[in-house]
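# Results of the structural survey
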Amino acid sequence: MKMLKDEILSKGIVLSEGVLKVDSFLNHQINPVLSLEMGKEFVSRFDQTSFTKVLTIESSGIAPAFTTALELGVELVFARKKKSLTMSDHVYTADVYSFTKQETNTITVSKDFINESDQVLIIDDFLANGQAALGLAKIVEQAGAKVSGIGIVIEKSFQPGRQVLLDAGYNVESLARIHSLKNNQVRFVDETVLV
Ligand code: 5GP
């Protein structure tokens, strides 16, 4: 997706060979125009699939998941990273090891918002080792619902997440696929295939 790649190239900061900072348009400040385009792009990438719900994880997944849900005309549910005081035990949970925070969070979704007839599109901001997406998929499956697709804004293709999700049988679409972050430079997958 060109608009996203341009934003990554102009505003992304390579923190190390493994981590990209995109606080200025995705993870802290949000570019609403780009978010709207991401929603449209996800829907066109999955145009052969029907969905009844979008599921993401707070907080950075919410903007692209919201615009995708708006475009699909379905509701969006976000998993909470910490159980809220107002939440009962009427919840699905999964343990997710965070790549960036290096800690395990138990993510939680109320049983009221996913049921066995749902066909769910999972959306997240980054794909590294695939733990966040797998945790969300576990929640969908606990509800007896179906994971009909996984949409990722930025996939770091040099990390194992994509293969982990494909091996688990999921359909994955990523809007930008990063081949490497070496030498403080972002290189995308499609620009390196012929190298
Ligand atoms: P995974 O669960 O696939 O290992 O990692 C995905 C999660 O870790 C995302 O939800 C995102 O919050 C965070 N993450 C992983 N890699 C990066 C990165 O390079 N930059 C940022 N900003 N977040 C990342």
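Quantities reported herein were computed from a predicted structural model and do not represent experimental measurements.

The next thing to look at is the sheet that holds strand E8 (residues 146-156). Read from one edge of the open sheet, six strands run E4-E3-E7-E8-E9-E10, paired in mixed fashion. Of all strands in the sheet, those bounded by a partner on one side alone are strand E4 (75-79) and strand E10 (187-188). With two bridges connecting them, strand E9 (residues 172-180) and E10 associate as antiparallel partners. In the strand pairing of E10, Ile-178 is matched with Phe-188. Those strands touched by helix H1 (residues 2-11) are E8, E9 and E10, and its axis lies near 35 degrees from that of E9.

What follows is about the pattern of salt bridges. Going through the model one piece at a time under the given rule, you end up with eight salt bridges. Where Lys-11 meets Glu-7, a salt bridge forms, and the shortest distance between an N and an O atom there is 3.2 Å. Of the two residues, Lys-11 and Glu-7 are both situated in helix H1; the distance of four residues between them amounts to about one turn of the helix. According to the relative accessible area criterion, Lys-11 is partly exposed, its value standing at 39%. Two residues, Glu-155 and Arg-162, come together in a salt bridge whose shortest N-O distance is 2.6 Å. What makes Arg-162 partly exposed here is its relative accessible area of 21%. One connected set of salt bridges, linked through shared partners, spans Glu-41, Arg-45 and Glu-173.

Helical geometry: 3.6 residues make up each α-helical turn, so side chains three or four residues apart lie on a common side. Its twelve residues place the ends of helix H5 (residues 131-142) 16 Å apart at the C-alpha level, agreeing with the 16 Å of an ideal helix rising 1.5 Å per residue. Within H5, burial applies to Ala-133, Gly-135, Leu-136, Ala-137, Ile-139 and Val-140. With its phi angle positive at about 80 degrees, Gly-144 sits one or two positions after the end of H5.

Position of Thr-56 relative to the elements: it lies in strand E3 (residues 53-57). Classification of Thr-56 as buried rests on a relative accessible area of 0%. Excluding anything up to four places from it in sequence, Thr-56 contacts Gly-61, Ile-62, Ala-65, Leu-76, Val-77, Phe-78, Ala-79, Ile-123, Asp-124 and Leu-136.

It is worth spelling out the packing of aromatic side chains at this point. Scanning all chains against the criterion turns up one aromatic pair. Aromatic side chains Phe-46 and Phe-51 sit 5.7 Å apart centroid to centroid with 90 degrees between the ring planes, which places their arrangement in the edge-to-face category. Phe-51 shares its class with Phe-46; the two are buried. Looking at Lys-5, its charged tip hangs above the ring of Phe-188, at a distance of 5.1 Å from the centre.

Attention shifts here to the site of the ligand. Around the ligand, 16 residues are found, and the nearest of them are Leu-20, Asn-129, Gly-130, Ala-132 and Lys-156. Within the backbone of Ala-128, an N or O atom sits 2.8 Å from an oxygen atom of the ligand. At 2.7 Å from an oxygen atom of the ligand is found a main-chain nitrogen or oxygen belonging to Gly-130. With the chains in place, 88% of the 510 Å² that the ligand exposes on its own is no longer accessible. Going through the elements one at a time, strand E7 (119-127) and H5 are the ones with two or more residues in the shell around the ligand.

Each value, and the rule that gives it
- Residues numbered from 1 in each chain as written.
- Predicted model: local features only at pLDDT ≥ 70, side-chain atom pairs only at ≥ 80, totals over all residues.
- Heavy atoms only, no water.
- Pairing = 2+ DSSP bridges.
- Helix = DSSP H or I, 4+ residues; strand = E, 2+ residues; numbered from the N terminus.
- Contact = heavy atoms within 4.5 Å.
- Axes fitted to C-alpha atoms, helices over the stretch in contact; angles between N-to-C directions.
- Salt bridge = Lys/Arg side-chain N within 4 Å of Asp/Glu carboxyl O.
- Buried < 20%, exposed > 50% of the residue type's maximum accessible area, 1.4 Å probe, protein only.
- Expected span 1.5 Å × (residues − 1).
- Phe/Tyr/Trp six-rings, centres within 6.5 Å; stacked < 30°, edge-to-face > 60°.
- Lys NZ or Arg CZ within 6 Å of the ring centre and 35° of its normal.
- Near = heavy atom within 4 Å.
- Polar contact = N/O pair within 3.5 Å; in protein donor to acceptor, adjacent residues only side chain to side chain.
- Areas by Shrake-Rupley, 256 points an atom, 1.4 Å probe, with all protein chains shown as cover.

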